[in-house]
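Structural description and commentary
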Amino acid sequence: MSGASIELDNLVFSYGETRMEFGLSVPASSVIAIMGPSGSGKTTLLNLIAGFEKPVSGKVLIDGGDVTGLEPAERPVSMVFQENNLFAHLSVEDNVGLGRSPSLRLTDADRADIARALAQTGLAGKERRLPSELSGGERQRVALSRVLVRDRPVLLLDEPFASLGPALRREMLALVRQLHFDHGMTILMVTHHPEDAQLIADRIAFIEAGSIVAFEDTTTMFSRTAPDAFRAYIGA
Ligand code: ADP
Ligand code: MG
């Protein structure tokens, strides 16, 4: 796995009254934090990249290729949500296996990759458990294991650790950073926590009312020269 660049070219989207327009250029293998008020369009932005929403006009380019007309499964993208990433009736191993084969027809090589992903995310020994037998942090580790076996160059994380406490959240962010170090995928992560962005992101995209109003280095965003709107948002 390695990263792919992402280009949003005048991407227009509308939910009736709510109009959004996104332009963004993300270099391959970078880690971007998406921040902004509730309802500003962060999830919609990720859904447009993943293909769960279709734009009215504009283009999504991944690694230079136009994916605007492609279904989610056809895009080189994985997405992890805040919750409900797993199938309740399937074991940890099978939930991860779905990342490789939707029908769970797995070869020995697939099973070896699944075992490796579970080891990498600290889940070795928990293969047979059901999601209900795991903690919230462990369930997100399963979701990240599935991302690893899917092996896509773009990873979208929509407030993936929002329901976890501060210590566990830091631990999960360290895991994401390690996975990025090992695999180099391009990561866009929505978070409400400035410290999450500071721990993990090269750059921050700040969204307000359906458009990206700032996109700067994390260091710049947390300095005195950051855009006023972002300083106001984080209470600087
Ligand atoms: P965020 O993730 O930043 O909180 P969203 O992308 O979920 O924001 O939503 C952006 C805007 O779009 C909000 O005003 C929200 O009310 C609206 N919206 C989101 N999903 C729908 C939907 N399925 N139908 C109509 N409006 C929606
Ligand atoms: Mg959201």
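Residues numbered from 1 in each chain as written. Chains lettered and ligands numbered in written order. Predicted model: local features only at pLDDT ≥ 70, side-chain atom pairs only at ≥ 80, totals over all residues. Heavy atoms only, no water.

What follows is about the site of ligand 1. The environment of ligand 1 is made up of Tyr15, Met20, Pro37, Ser38, Gly39, Ser40, Gly41, Lys42, Thr43 and Thr44. Here an oxygen atom of ligand 1 and a backbone polar atom of glycine 39 are 2.7 Å apart. In the model, an oxygen atom of ligand 1 is placed 2.5 Å from a nitrogen or oxygen of the threonine 44 side chain. Isolated, ligand 1 exposes 560 Å² of accessible area, and the fraction of that covered by the protein chains is 57%. For the shell around ligand 1, the element with the most residues is helix α1 (residues 42–50), which contributes three residues. (Near = heavy atom within 4 Å. Polar contact = N/O pair within 3.5 Å; in protein donor to acceptor, adjacent residues only side chain to side chain. Areas by Shrake-Rupley, 256 points an atom, 1.4 Å probe, with all protein chains shown as cover. Helix = DSSP H or I, 4+ residues; strand = E, 2+ residues; numbered from the N terminus.)

What follows concerns unusual backbone geometry. Not every positive phi belongs to a glycine, and leucine 104 is a case in point at roughly 60°. Along the chain, leucine 104 turns up in the loop between α2 (92–97) and α3 (108–120). We note that alanine 209 has phi near 45°; this positive angle belongs to a residue other than glycine. Its place among the elements puts alanine 209 in the loop between β9 (203–208) and β10 (211–217).

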